[in-house]
Amino acid sequence: MAISESTREQLQQLAARYPRPRSGLMPMLHLVQSLEGEVTPEGITACADAAGVSAAEATAVASFYTMYKRRQVGQHHIGVCVNTMCGLLGGDAVYEALSERLGVGHDAPTDDGQFWLERIECQAACTHAPVMTVDWEYMDDVTPAAAVEIVDRLERGETVLSTRGPAIRDFRATEQTLAYPEDGLAAEGTPVDDKMLVGLRIAKEGGMAAPGVPAPSAPTGQEG
Amino acid sequence: MPLTPVITEHWDDPELFTISGYRRHGGYRALESALTRDPDALISLVKDSGLRGRGGAGFPTGLKWSFVPQNDGKPHYLVVNADESEPGACKDIPIMLANPHALVEGVIITSYAIRAKHAFIYIRGEVPEAIRRVANAVREAREAGYLGTDIRGTGFDLDVVVHAGAGAYICGEETALLDSLEGFRGQPRLKPPFPAVAGLYASPTVINNVETICNIPYIVDRGVDWFRQFGTEKSPGFKVFAVSGHVNRPGIYEAPLGITMRELLDYAGGMRDGHQVKFWLPGGSSVPMLTADHLDIPMTYEDMAAAGTMLGTGTPMIFDETVSVVKAVTRWLEFYKHESCGKCTPCREGTYWITGTLEKFEHGHGTEQEVETLVELCGQIMGRSFCALGDAAATPYPAALKYFRDEFVAATTTSADDQFDPVASYVFAGAVAR
């Protein structure tokens, strides 16, 4: 796909966000990936032009970071954390179930181009193990059956809510967010869940508070 | 020791992530006060508080700030390390989801103190929800006049950029993060020069962890004496502990430094029913593991060091007796091998060799001699790479061997899965009430 003039302008704007244009290279690569579903040689060259570096240098950057893909990812990126905590608490079984359901292995797309499956590294959500991601949005505390159901529902085009984020869009939309983080979705979903509040609730129930801070009154939030 | 919610105090207000919600709970009061003070006084205040970096290393924050040369004519930068990727670490992401304005307020105060006009929040790309919540907070702060030019009529200018990473654990290492932010492959730099002197674009740069920065508004607002009520002389303050693993109530618990793992475990509902602690790590996969014999050691920088480990990120992972330590360690090494940036030979080649040997053990192969050779190999990596990733990779195996030698020797003939049924470790096997 040819890179349009408006895309080139956007790349220039991303460069201008930083004191030096080269710093914009990572959001630029996210942007071209959001438009093309992968980082193509044309996309790299356009990013390199905007960043003021050679295509070889931009390629070296693109190939270093695992989130930039050199093949079509497809509509949805499915990640399963298989690091020690998630993997041993059940992520291994979740991955096996999804691999069987989708008929693909690690870091590969399905034949119909709808899904990409990946064994991912620690997602900073060990309290919610085992963790899966769809287009990098959290799907916490999954089981093999729940993971397969999520894929089934995505395939049927149903709305799937992230456990701590907005409704799932698609891979390209997430990549757009990584280039332009103000996506208007910050208020969507329930990013603060029970596990993030468990300590606070126990403190309040037990009348515990930090010294010098007024004693807590009744919880202001909704009980879950 | 009681729980002491400070950073987490108002997380149950669903509006906390908005500027109006944050202000309702006293938000931006510290900034208003900070802007009336001398920047050097703020640096002294944070120095006096004794706040230590919450990203893992525990370096004194005020001291780090004071290393930035002033009146040097160069631009100064603040870079927030929000690349939380250490296996087991899961406290910065929740902070950014629940209380992003505490981070933004801390960024503004810190930038004012070190005289930075540009700040960057480098958030790992794999968590778009954190990126959009923080970006939203930055936008709201800008609209409220807390960012931009001539902030609150003080003549102080500040621009904050939220920067998304793209999947590289190494970028949590501060100099690799700087290279990444400059648009290069994320590879560490040799130190010295330290970033405080030559950091981003070779200019003086402070790099602080998310939780560290979130402490700043509270210290400015409530003072050094208040802050030092918590914790110990060498480890003052409170900590957002994230407890994960085979416990009944995994999650976020904020408590003074010095709380013990046994107390945290009690708050977390204990181990899942019918199971016991086998091993645990105080703060990430890069710190040496401990056992049930170490549950009463205070969780401070100094006590953890005395016990032969580190507080690290303060995010304990606890595993019960169903878990194969061979398998756990192998998985961590596979991670380090995958994430080694390849710059230093000992780390690049060493992680390859350790992982290969451990994978043999996991599948019931290898020799008793190799159990010993691997210790030597780890010793060859320790201290021989630019950054701490090499050291981290050389840590789990010797630490595990100290307590579980028999299990590694047994693994040379019996696979990990034959020693320990993996299904028994699953949390959805039905044994756990969640």
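Residues numbered from 1 in each chain as written. Chains lettered and ligands numbered in written order. Predicted model: local features only at pLDDT ≥ 70, side-chain atom pairs only at ≥ 80, totals over all residues. Heavy atoms only, no water.

Considerations on the overall build of chain A
When you go through chain A residue by residue, the secondary structure sums to 8 helices and 5 strands. Starting at the N terminus and ending at the C terminus, chain A contains elements arranged as α-α-α-α-β-α-β-β-β-β-α-α-α. Viewed in the frame of its principal axes, chain A has a C-alpha envelope of about 60 × 50 × 30 Å. When each of the 224 residues of chain A is scored for burial, the buried share is 59%. As displayed, chain A has an accessible area near 8,400 Å², and 50% of this comes from carbon and sulfur atoms. Treating the 17 positive side-chain charges of chain A as one cloud and the 32 negative ones as another, the clouds have centres 4 Å apart. (Helix = DSSP H or I, 4+ residues; strand = E, 2+ residues; numbered from the N terminus. Buried < 20%, exposed > 50% of the residue type's maximum accessible area, 1.4 Å probe, protein only. Areas by Shrake-Rupley, 256 points an atom, 1.4 Å probe, with all protein chains shown as cover. Lys, Arg positive; Asp, Glu negative; His and termini not counted. Charge placed at Lys NZ, Arg CZ, Asp CG, Glu CD.)

Here we look at the domain arrangement of chain A
Frequently, the measure chosen for interface size is the accessible area that the parts lose on association. All names here are of chain A. Partitioning chain A into domains gives domain 1 (5-64) and domain 2 (76-179). For domain 1 and domain 2, the distance between their C-alpha centres works out to 27 Å. Contacts between domain 1 and domain 2 engage 10 residues on the former and 6 residues on the latter. Across the domain 1/domain 2 interface, buried area totals approximately 710 Å², and carbon plus sulfur atoms make up 50% of it. (Domains from an automatic or database assignment. Contact = heavy atoms within 4.5 Å. Buried area = accessible area lost by both parts, 1.4 Å probe.)

Describing unusual backbone geometry
Glycine aside, a negative phi is what most residues show, and trans is what most peptide bonds show. In this structure, P192 of chain B follows K191 of chain B across a cis peptide bond, with omega equal to -5 degrees. Positionally, P192 of chain B belongs in the loop between α8 (174-181) and β4 (205-209). With an omega of 5 degrees, the peptide bond running from P192 of chain B to P193 of chain B counts as cis. Relative to the assigned elements, P193 of chain B resides in the loop between α8 and β4. A positive phi is found at W136 of chain A, a non-glycine position, where the angle reads about 70 degrees. With respect to the helices, strands and loops of the structure, W136 of chain A is situated in the loop between β4 (132-134) and β5 (137-139).

Observations concerning the interface of chain B and chain A
In this complex, chain B contributes 93 residues to the contact, which on the side of chain A involves 83 residues. Around 6,800 Å² of area is buried between chain B and chain A when both sides are counted, 65% of it from carbon and sulfur atoms. Taken as a group, D12, R132 and R331 of chain B account for 11% of the area that chain B buries against chain A, more than any other trio of residues on that side. Counting across the interface, chain B meets chain A through 4 salt bridges. The residue K204 of chain A makes a salt bridge to D12 of chain B at a minimum N-O spacing of 2.7 Å. (Salt bridge = Lys/Arg side-chain N within 4 Å of Asp/Glu carboxyl O.)

Topic: the side chain of H30 of chain A
Residue and element names in this part refer to chain A. With respect to the helices and strands, the residue H30 is situated in helix α2 (residues 25-36). The exposure class of H30 is buried, given its relative accessible area of 0%. A distance of 2.6 Å separates the side chain of H30 from the side chain of E175, its partner in a polar contact. (Polar contact = N/O pair within 3.5 Å; in protein donor to acceptor, adjacent residues only side chain to side chain.)

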